[in-house]
Amino acid sequence: MNILIVDDRPLDLKLLRLWLEAAGATVAEAADGVEAINILEHTSVDAIISDIKMPRMNGFRLCQEVRTRPQTSEVPFIAYSAICTSQSDDRRMIESGANQILRKPASASVFAGILHEIAEGKFLPHPAPTPVPLEAELHKLHLEQSVAKLEAKNRRLESSVEQLTLDHQHLGQQLRQAQSMAALGTLAMSIAHDFNNILAAIYQYCELARDEAHGNATLTEHLNGLSRGATRATALVQQIFAFGCKRNDTRRPLELWQVAIEAAGLLRAAVPATIDVQTSFGQDTPDVFANATEIHQILMNLGINAAHAMRALGGRLTITLENCLVDAKLAALHSGLRAGHYARLTVSDTGHGMDEQTLARIFEPFFTTKASGEGTGLGLAIVRDIVRSSNCAITVSSRLGEGTTFRVYFPAHVEISD
Ligand SMILES: Nc1ncnc2c1ncn2[C@@H]1O[C@H](COP(=O)(O)OP(=O)(O)OP(=O)(O)O)[C@@H](O)[C@H]1O
Ligand SMILES: [Mg+2]
């Protein structure tokens, strides 16, 4: 049995050919109605299975042509398409002369059944179609194309609206987060203030009690413990103050490398000997507009975190200060960074590193992975606060088991002369 299959989608043609050949048919292929007519000029076929929507000549038109030609007028014509979604399309296909309409995708067994029915002669000769004027046909085609274009435009509009809605939700989320952070800061400051007064009283009573405890070693030891606890709590309160304080305007142009050397010296004294501290401070780095105490805070917080990440196995802490020209490409990779000239401070460690979930949260105030009493989770929140308020930028890269690198970009200070 010889079947002509017509479809502009090569993949659909291929699949159909495989199914029909598997069911014992021989197959001729055409990519649209015009090619199909050419084949029918010199080949006789037992049936035509055709797609509807095709370039040059669609399935409706092809079916009408087949029905009007004497040599093909009784050849079974099966429309096989996904576009016949409306009853009017189905009706139009039948009016054009089709014997049957199949929806894509059908299965191999459906086509095996169709071949069987063709062999049995079950497809009756079809009455000649009502001729559709070419004008009307072209008009309909034109309308179909316009509808398709409008649908595509509509889809694009829908996806823009979706994007805008997402952006809007995201901005709303950021605003709510900023508001709750501000409220949290105010609350933390007022608690810290009261707490500081209470701590001062504990501390003073502790001193008085120690004076009274002459000779009682056990009592003195207990009081020393109490005093140590109060000292730790005071340090914590100081951190909260530092976080809640509005950054002041005591910034001035300074030589960053000098401050960095000083701070690194303090850091070196604070980390255990199992950590190898390597430093390199470029003295040609530009002056920056900053506050020396804040630079100390940045370096100490980053350095102590790095040391903590290496405390189990030791490792190397590298601190460098260098010139850095940020181009548009690098700037695009990090929010808050603009193209320009910077002094870049890098603090890198070979510690345990972080997974992505931890990395995403490290700048959140009170986020800590340290055991209770070991960390407040405020160190990096303070660093970020300083960085933001000084127009600097901070980047971090880390991998679990491979260490962590923080980079702080300080914009070069430019003197404005009158
Ligand atoms: N260099 C680092 N290596 C691995 N993890 C780090 C590093 N720096 C920061 N982190 C992670 O980020 C978390 C938050 O750091 P942050 O400095 O804000 O708070 P903390 O060190 O836990 O407490 P605090 O600094 O207040 O004592 C840490 O608990 C740790 O999980
Ligand atoms: Mg810390």
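Here the structure is shown first, and the text comes after it.
So, how was this worked out
Residues numbered from 1 in each chain as written. Chains lettered and ligands numbered in written order. Predicted model: local features only at pLDDT ≥ 70, side-chain atom pairs only at ≥ 80, totals over all residues. Helix = DSSP H or I, 4+ residues; strand = E, 2+ residues; numbered from the N terminus. Buried ≥ 20, exposed ≤ 12 C-beta atoms within 10 Å, placed from the backbone. Contact = placed C-beta atoms within 7 Å. Near = placed C-beta within 6 Å. Nonpolar A, V, L, I, M, F, W, Y, C, P; charged D, E, K, R; others polar. Pairing = 2+ DSSP bridges. Core = buried A, V, L, I, M, F, W, Y, C linked by C-beta atoms within 7 Å. Domains from an automatic or database assignment. Axes fitted to C-alpha atoms, helices over the stretch in contact; angles between N-to-C directions. Expected span 1.5 Å × (residues − 1). Arc of directions from axis to C-beta. Parallel < 35°, antiparallel > 145°, perpendicular 65-115°, else oblique. Left-handed = near helix turned anticlockwise from the far one by under 90°.

J.: Explain the environment of Leu 13 to me, please; I cannot follow it from the model alone.
T.: Inspection of the secondary structure assignment puts Leu 13 in helix 1 (residues 10-22). The class of Leu 13 is partly exposed, set by 18 C-beta atoms lying within 10 Å. When the C-alpha atoms of Leu 13 and Asn 291 are compared, they prove to be 73 Å apart, with 278 residues separating the residues in sequence. In contact with Leu 13, other than residues within four places in its own chain, are Ile 5, Asp 7 and Glu 29.

J.: Looking at this structure, I do not really get the site of ligand 1. What am I missing?
T.: Near ligand 1 you find 24 residues, and of these Asn 305, Thr 368, Gly 375, Gly 379 and Leu 380 are the closest. Residue assignment for the shell around ligand 1 shows that the elements contributing at least two residues are helix 9 (292-309) and helix 12 (379-389). At 4 residues, the largest contribution of residues to the shell around ligand 1 is made by helix 9. Tallied by class, residues from the shell around ligand 1 come to 8 nonpolar, 14 polar and 2 charged.

J.: Please explain the environment of Leu 199 as it appears in this structure.
T.: Looking at where Leu 199 falls in the secondary structure, it is placed in helix 6 (residues 134-212). Apart from the residues within four sequence positions on either side, Leu 199 is in contact with Ala 230, Ala 233, Thr 234 and Val 237.

J.: Help me understand the pairing of strand 12 (residues 403-411) in this model?
T.: Two faces belong to every sheet, and in a regular strand the side chains alternate between them. Counting buried positions along strand 12 yields 8 of 9 residues, so the element is predominantly enclosed. Note that strand 10 (residues 340-349) and strand 12 share 8 bridges and pair antiparallel. Looking across to strand 12, one finds that Asp 349 is bridged to Thr 404. As defined by bridge partners, strand 11 (residues 393-399) adjoins strand 12 across 7 bridges and the pair is classed as antiparallel. Across the sheet, Thr 395 pairs through a bridge with Arg 407, a residue of strand 12.

J.: Sorry if this is basic, but what is going on with the nonpolar core here?
T.: Within soluble globular proteins, side chains that are nonpolar generally end up buried alongside one another. Counting 44 residues, the largest nonpolar core has Leu 256, Ala 260, Ile 295, Leu 299, Val 383, Val 408 and Phe 410 as the members making the most contacts within it. A domain split of this core shows at least three residues from each of domain 2 (152-244) and domain 3 (252-411). Those residues in contact with Ile 295, other than ones at most four positions away along the chain, are Leu 256, Val 259, Ala 260, Ala 263 and Ala 290. Counting residues in hydrophobic clusters, the runner-up holds 29 residues, among them Ala 25, Leu 40, Val 45 and Val 66.

J.: Teacher, can you tell me more about the sheet that holds strand 10 here?
T.: The pairing of strands in a sheet happens through backbone hydrogen bonds and is either parallel or antiparallel. Strand order in the open sheet formed by 5 strands is 7-9-10-12-11, with mixed pairing between adjacent strands. Strands with a single pairing partner mark the edges of an open sheet, and in this sheet they are strand 7 (275-281) and strand 11. Taken over all neighbouring pairs, the strand axes of this sheet differ in orientation by 15° on average, direction set aside. Note that strand 9 (residues 315-326) and strand 10 share 10 bridges and pair antiparallel. Residue pairing for strand 10: Thr 318 is matched across the bridge by Ser 348. The sheet strands contacting helix 8 (residues 256-270) are strand 7, strand 9, strand 10 and strand 12, and the helix crosses strand 7 at an angle near 170°.

J.: Is there a simple way to think about the sheet that holds strand 1 (residues 2-6) in this case?
T.: Read across the open sheet, the 5 strands follow the order 2-1-3-4-5; overall the sheet is parallel. The open sheet has two edge strands, strand 2 (26-30) and strand 5 (100-103), and neither has a second partner. Pairwise comparison of adjacent strand axes, ignoring direction, gives a mean angle of 20° for this sheet. Taken strand by strand, helix 1 contacts strand 1, strand 2 and strand 3 (47-50), and its axis lies near 165° from that of strand 2.

J.: Can you help me understand helix 8 in this one?
T.: The terminal C-alpha atoms of helix 8 lie 21 Å apart, and with 15 residues this matches the ideal 21 Å at 1.5 Å per residue to within 8%. Taken together, the buried positions of helix 8 are Leu 256, Trp 257, Val 259, Ala 260, Ala 263, Ala 264 and Leu 267. Here the buried residues of helix 8 occupy an arc of 150° about the axis, which is enough to place them on one side. Away from its buried face by more than 90 degrees, helix 8 exposes Gly 265, Leu 266 and Ala 269.

J.: Is there a simple way to explain the packing of helix 1 against helix 5 (residues 108-119) in this structure?
T.: Axes are the key here: two packed helices are described by the angle between their axes and the distance separating the axes. Interhelical geometry of helix 1 versus helix 5 gives an angle of 55° and a closest axis separation of 9 Å. It follows that helix 1 is oblique to helix 5 by the angle criterion. Relative to helix 5, the crossing made by helix 1 is right-handed. Contact residues: helix 1 offers Trp 19, Leu 20 and Ala 22, while helix 5 offers Ala 108, Phe 111 and Leu 115.

These figures capture arrangement, not role.
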